[in-house]
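# Coordinates in review
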Amino acid sequence: MTEFDAILQRTLGATTEKMILMLGVLLVLVIVSTIRFIFVMKKLRTESISNQDYEKLMKRKRALIFSICLSVLGLIVIPIGSVQRITHLKHDIDNQQYICAEVDYSHSRKGTGEEVVSIVKDGERIFVHFPQEWSEKDFPRGDFHGTAWYSEESKILLSFAPNDK
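What counts and how
Residues numbered from 1 in each chain as written. Predicted model: local features only at pLDDT ≥ 70, side-chain atom pairs only at ≥ 80, totals over all residues. Heavy atoms only, no water. Helix = DSSP H or I, 4+ residues; strand = E, 2+ residues; numbered from the N terminus. Buried < 20%, exposed > 50% of the residue type's maximum accessible area, 1.4 Å probe, protein only. Contact = heavy atoms within 4.5 Å. Polar contact = N/O pair within 3.5 Å; in protein donor to acceptor, adjacent residues only side chain to side chain. Patch = residues over 30% accessible without salt bridge, like charges linked within 9 Å, V, L, I, M, F, W, Y side chains within 5 Å. Areas by Shrake-Rupley, 256 points an atom, 1.4 Å probe, with all protein chains shown as cover. Salt bridge = Lys/Arg side-chain N within 4 Å of Asp/Glu carboxyl O. Lys, Arg positive; Asp, Glu negative; His and termini not counted. Charge placed at Lys NZ, Arg CZ, Asp CG, Glu CD. pLDDT = per-residue confidence, 0-100.

Counting through the fold element by element, I68 comes out in helix α2 (residues 51-95). Overall, I68 belongs to the buried group, its relative accessible area being 18%. Residues within four places of I68 in sequence aside, it is in contact with V30, S33, T34 and F37.

Set out below in structure tokens:
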């Protein structure tokens, strides 16, 4: 196993763990919201309920329906994106699809704190992702020209060496 394989394996493991954790949280949210929805519906069926309580229960019912719908949507969307990323990572590892190129490298932090890195190879800008457990010494902030290694399909930046000027 090469060093790049190990980097991608760690990233694959972290991606899988995040997906499972998010699906678990969403599943718990669906179950809890559904149970609360059932209790609200039972309370709405009672005959001795004031108009004020009825309005509160109806608002709670609508909020629970919205919560359930969003959670179910998340249970559908999250696996689609995660499975696609996992498939790309596995394909890169299995086929040793690593690209080495002379690039213009740009690493900055957005106002939101999100780290953004892009490389320009042959005039084409490619946004790449950091591997699991990356450090700033491996991927410095700023604009440089140098040699980058990245995975072809998953676009994980594996190594960058700036040219000395």
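This next bit is on the side chain of S118. Along the polypeptide, S118 turns up in strand β2 (residues 115-121). Residue class for S118 comes out buried when judged on its relative accessible area of 4%. A polar side-chain atom of S118 sits 2.7 Å from a polar atom in the side chain of R125. Residues in contact with S118, not counting those within four places in the same chain, are D104, Y105, S106, R125, I126 and F127.

A few words on a positive patch on the surface. Residues R36, K43, K56 and R60 make up a contiguous surface patch of positive charge. The set of elements that each furnish at least two residues to the positive patch consists of α1 (3-44) and α2. With respect to the element layout, K43 can be found in helix α1. Overall, the relative accessible area of 47% leaves K43 in the partly exposed class.

Below, the discussion takes up the confidence of the model for the protein. With 98% of its residues at a pLDDT of at least 70, the protein reaches an overall mean of 89. Across the protein, element-level confidence peaks in strand β4 (residues 142-151) with a mean pLDDT of 92 and bottoms out in β2 with 87.

Our next topic: unusual backbone geometry. Excluding glycine, residues mostly have negative phi values, and the peptide bonds linking residues are mostly trans. Phi is positive for Q96, which is not a glycine, with a value near 50°. Accessibility expressed as a relative area gives 39% for Q96, which makes it partly exposed. Residues other than glycine seldom take positive phi values, yet D122 does so here, at roughly 55°. Counting through the fold element by element, D122 comes out in the loop between β2 and β3 (124-128).

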